[in-house]
Amino acid sequence: MIDVILGLQWGDEGKGKVVDYFASRYDVIARFQGGPNAGHTLYVDGKKVVLHQIPSGIFKPGTKNLIGNGVVLDAVALQKECETLDSFGIDYRKSLFISDRTQLILPTHKALDRASEQSKGKEKIGSTLKGIGPAYMDKTGRNGLRVGDVRDKSFVSNYIKLRLKHQKLLDNFSFQEDISQEEETYFNALEFLRSLNIVSGEYFINDAFDKGQRILAEGAQGSMLDIDFGTFPYVTSSTTIAAGVCSGLGVSPHKIREVIGITKAYCTRVGSGPFPTELHDEYGDLLRKKGNEFGATTGRPRRCGWVDLVALKYACMINGVTQIVMTKADVLDELDTLKVCKSYSFNGEETQQVPFQMDKLNIEPVYREFKGWKKDISHIKTYEDLPAEMLEYVSHINDYLKIKVNYISNGPGSDQIIKA
Ligand code: GDP
Ligand code: IMO
Ligand code: MG
């Protein structure tokens, strides 16, 4: 069977921690989209680790980890991540597998990302500048190079051809940067990549399935950053929703069992774009401070706000979510009152649907208020011991979404999670 864990908001919901928590129940953990724009945090022996491209099961002995064809891979970033694994004594040569169909991010993709963002001025996406958009453009434009190509004698000449094309685009942007140093590092990293397990990802995953192995697909980013259903154009360039598992790994939808959606007990967004429940006051500052809301990849402060049930319900619909994990509940511990957005109001009307272009509308969130629990919950181990005010908050979310919040995470530690 295949289960999926993915983010229901604008990313950083705590996917790394939750995947790490569930990883020992699975034989294979697979990333199906995104690339080094992701930053998934987990704690190993009390030490913080941030993974960008390697699945969050890599620390679990006996677990196989696949980087699927739907990912865009930066070999330099991968080598760095592997060096981190070395420092933990993890033998990734036995447990990490990369699909030969995975698209490569080139140094010029990163330069193009920078050039594109610069040219957009105030309308910039707020990209992580990891080359994601340009790499996916080369994939759909049928120009990209893939991991399997690095074994080919013609790789260098194909690389030069693509690089020349990129150079012309960069000239159009009047963007000049010397990337020769970056290129040298890149070619060394490609050597490293060649030494890893490059496999046919679709056979790898379907063989595992046929042998009865348990597979967990790990999403990156979040549903509201999805290329089709997110807040376009302020989105990433991949299919972040459950449908992406099928094309990003090469598996049939029939094989998917649970779709586990993760939401924070509040909401954050990093980068530009609409965020109706964003708080620009001391509550926003408190959430940022208590929740340590700074980007795991770029270090940028995350925008913080109340949980948005309209967007959450939409994400549950698009993904076919079967159960929910709510993270960072402990961050709300000190609040007197908390709010949830139950509908949007704009143009004199109220709606519970996500509109076509959120960024063009002056959306006023309509809130329902809840009493805060004003109690440290980070040490609580059982659902029954959670404060009544918090159970009321969770129960309202259950009722609104008509999907059960099955787990509540009450701290960053791998053991800080409570089954409902
Ligand atoms: P991801 O991209 O979805 O994996 O999330 P990130 O790692 O970017 O951001 C989540 C942050 O919240 C990380 O720093 C986690 O260590 C932390 N975190 C996860 N769950 C909890 C929780 O329940 N409580 C608190 N306080 N922090 C958490
Ligand atoms: P994880 O997996 C939060 C955001 C960027 C920007 C937009 C496009 O850690 O949840 P891109 O680099 O893809 O061109 O950026 O998407 N973004 C994320 N925000 N978490 C992420 O990943 C993100 N990956 C991209 O900030 O607004
Ligand atoms: Mg993250």
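What you see is a predicted model; the values in this text were computed from it and never measured.

Scoring rules and cut-offs
Residues numbered from 1 in each chain as written. Chains lettered and ligands numbered in written order. Predicted model: local features only at pLDDT ≥ 70, side-chain atom pairs only at ≥ 80, totals over all residues. Heavy atoms only, no water. Near = heavy atom within 4 Å. Polar contact = N/O pair within 3.5 Å; in protein donor to acceptor, adjacent residues only side chain to side chain. Nonpolar A, V, L, I, M, F, W, Y, C, P; charged D, E, K, R; others polar. Donors = N, O, S within 2.8 Å, 3.2 Å for Na, K, Ca; no water. Helix = DSSP H or I, 4+ residues; strand = E, 2+ residues; numbered from the N terminus. Buried < 20%, exposed > 50% of the residue type's maximum accessible area, 1.4 Å probe, protein only. Contact = heavy atoms within 4.5 Å. Domains from an automatic or database assignment. Buried area = accessible area lost by both parts, 1.4 Å probe. Salt bridge = Lys/Arg side-chain N within 4 Å of Asp/Glu carboxyl O. Areas by Shrake-Rupley, 256 points an atom, 1.4 Å probe, with all protein chains shown as cover. Pairing = 2+ DSSP bridges.

## A few points about the site of ligand 2
Here is step 1 of the chain: Not every one of the 20 residues close to ligand 2 is listed here, only the nearest: Asp12, Lys15, His40, Thr128 and Thr236.
Here is step 2 of the chain: Asp12 has a polar backbone atom sitting 2.8 Å from an oxygen atom of ligand 2.
Here is step 3 of the chain: Within the contact set of ligand 2, an oxygen atom lies 2.8 Å away from a backbone nitrogen or oxygen of Gln221.
Here is step 4 of the chain: Split by residue class, the shell around ligand 2 holds seven nonpolar, ten polar and three charged.

## Points about the coordination of the magnesium ion (ligand 3)
Reference geometry at the metal: tetrahedral coordination by four donors gives ideal angles of 109.5 degrees; octahedral coordination by six donors gives 90 or 180 degrees.
Here is step 1 of the chain: Looking at the magnesium ion (ligand 3), the protein donor atoms are Asp12 (OD) and Gly39 (O), and they sit 2.0 to 2.2 Å from it. Here Asp12 is found in the loop between β1 (2-7) and α1 (15-22), whereas its partner Gly39 is found in the loop between β2 (28-31) and β3 (40-44), with 27 residues between them in sequence.
Here is step 2 of the chain: On the accessibility criterion, Gly39 (12% relative accessible area) is buried.

## Description of the side chain of Thr102
Here is step 1 of the chain: Assignment of secondary structure puts Thr102 in the loop between β7 (96-99) and β8 (103-104).
Here is step 2 of the chain: At 3.0 Å, the side chain of Thr102 and the backbone oxygen of Ser99 are in polar contact.
Here is step 3 of the chain: If near-sequence neighbours (up to four positions away) are discounted, Thr102 is found in contact with Ile67, Gly68, Asn69, Val71, Leu73, Leu145, Arg146 and Val147.

## So, the domain arrangement of the protein
Here is step 1 of the chain: For the protein, the assigned domains are domain 1 (2-102 + 198-260), domain 2 (103-193) and domain 3 (263-419).
Here is step 2 of the chain: Here the C-alpha centre of domain 3 lies 24 Å away from the C-alpha centre of domain 1.
Here is step 3 of the chain: Taken together, the contact pairs 35 residues of domain 1 with 41 residues of domain 3.
Here is step 4 of the chain: Carbon and sulfur atoms supply 61% of the area that domain 1 and domain 3 bury against each other, a total of about 3,000 Å² over both sides.
Here is step 5 of the chain: Area buried by domain 1 at its contact with domain 3 is led by Leu8, Trp10 and Lys17, which between them contribute 24% of it.
Here is step 6 of the chain: Between the two partners, domain 1 and domain 3, sit one salt bridge.

## Digging into the site of ligand 1
Here is step 1 of the chain: Residues in close proximity to ligand 1 total 19 residues, the closest being Lys15, Gly39, Thr41, Asp330 and Ser409.
Here is step 2 of the chain: Asp12 places a polar side-chain atom, nitrogen or oxygen, 2.9 Å from an oxygen atom of ligand 1.
Here is step 3 of the chain: Separating an oxygen atom of ligand 1 from a side-chain N or O atom of Ser409 is a distance of 2.5 Å.
Here is step 4 of the chain: Burial of ligand 1 by the protein chains amounts to 94% of its free accessible area of 580 Å².
Here is step 5 of the chain: Going through the elements one at a time, α1 and β3 are the ones with two or more residues in the shell around ligand 1.
Here is step 6 of the chain: Tallied by class, residues from the shell around ligand 1 come to four nonpolar, eight polar and seven charged.

## A short note on the pairing of strand β16 (residues 337-346)
Here is step 1 of the chain: In this structure, strand β14 (residues 307-308) lies alongside β16, joined through two bridges in parallel fashion. Note that in β16 the partner of Val307 across the bridge is Val340.
Here is step 2 of the chain: Bridge analysis of β16 against strand β18 (residues 364-371) gives eight bridges, and the strand direction is antiparallel. The partner of Ser345 across the bridge, within β18, is Glu364.
Here is step 3 of the chain: Linking β16 to strand β17 (residues 349-351), which pair antiparallel, is a turn of two residues; within it Asn347 sits at a positive phi near 50°.

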